[in-house]
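# Chain and residue survey
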Amino acid sequence: MALMICEACSTAQNFSILRSDATCQVCGAGEEFLAPISDAESDAGVDRTDTVLLADDDDELRETFRLWLSGDRWDCRTAADGEAALHALDADVDVLVLDRRMPDLTGPEVVERLHETDFDGRVLVVSAYEQDTVLSEDDVDGYLTKPIRRQTFVETLERVAPAENDADEA
C-alpha cells in the first residue's frame, strides 16, 4: 500500500501499488490525478521549519491536514478539541489552525483565551461556517471555509505563517 493524494479532490488515501486501475475512492478521479505524498508540492526554497498546531475535532480532517503538510517545512502538532489546543499552545507554535465548532471550547472561545498561553503566533480558522463578526479579521490572520482543497490550504497557511525575520525577532 502507498499513501497517495488525489489532486482532483485533495484527499489522502491508501492505494495498492500493484493495481494498475487505481481510482480515487472519493471522487472517482483516475490514476493520472493520484500522486505519492512524498511527491506532493513542497516549498523547496524554504530552509526553516514552522510549527503548526492543527486543532479540529474531526480526526480524518486533522490527519488529512497533517498529511498535506508532511515534508520539511512544517512540524505538526494536533489537538482534538479547544481545551487540548489551549494546553498544546506554547511559544514554539507559529500558526494555530483552528476549527470553529469543537467540544470543550469553541474556536472563538480559544481565540478569547489565547492571552492565557505563551502563544504569540498567527491564527488560521478553517470552518464549515462563513466568517462573521464573532471571528473577524481583527481576531484572526486568515479564514477558510470548508470544504477546501490542499493547494488553497497550504498556500493560505504559507501566507499566514510569520515571515522568517518575524520568527527570528520572537
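Scroll up to find the structure.
About the thresholds
Residues numbered from 1 in each chain as written. Predicted model: local features only at pLDDT ≥ 70, side-chain atom pairs only at ≥ 80, totals over all residues. Heavy atoms only, no water. Buried < 20%, exposed > 50% of the residue type's maximum accessible area, 1.4 Å probe, protein only. Helix = DSSP H or I, 4+ residues; strand = E, 2+ residues; numbered from the N terminus. Arc of directions from axis to C-beta. Pairing = 2+ DSSP bridges. Right-handed = clockwise from strand over helix to strand, strands pointing away.

All right, on to helix α4 (residues 150–160) then. All buried positions along α4 are accounted for by Arg150, Phe153, Val154, Thr156, Leu157 and Val160. Here the buried residues of α4 occupy an arc of 165° about the axis, which is enough to place them on one side.

With that settled, the discussion passes to the pairing of strand β6 (residues 95–98). Where burial is concerned, the two faces of β6 agree: the one with Val95 and Val97 and the one with Leu96 and Leu98 are both buried. The sheet contact formed by strand β4 (residues 50–55) and β6 spans four bridges and is parallel. Bridge pairing links Ala55 to Leu98 in β6. When β6 meets strand β7 (residues 122–127), the two strands line up parallel, connected through four bridges. Across the sheet, the residue bridging to Val97 is Leu124, located in β7. In terms of handedness, the path from β6 via helix α3 (residues 107–112) over to β7 forms a crossover that is right-handed.

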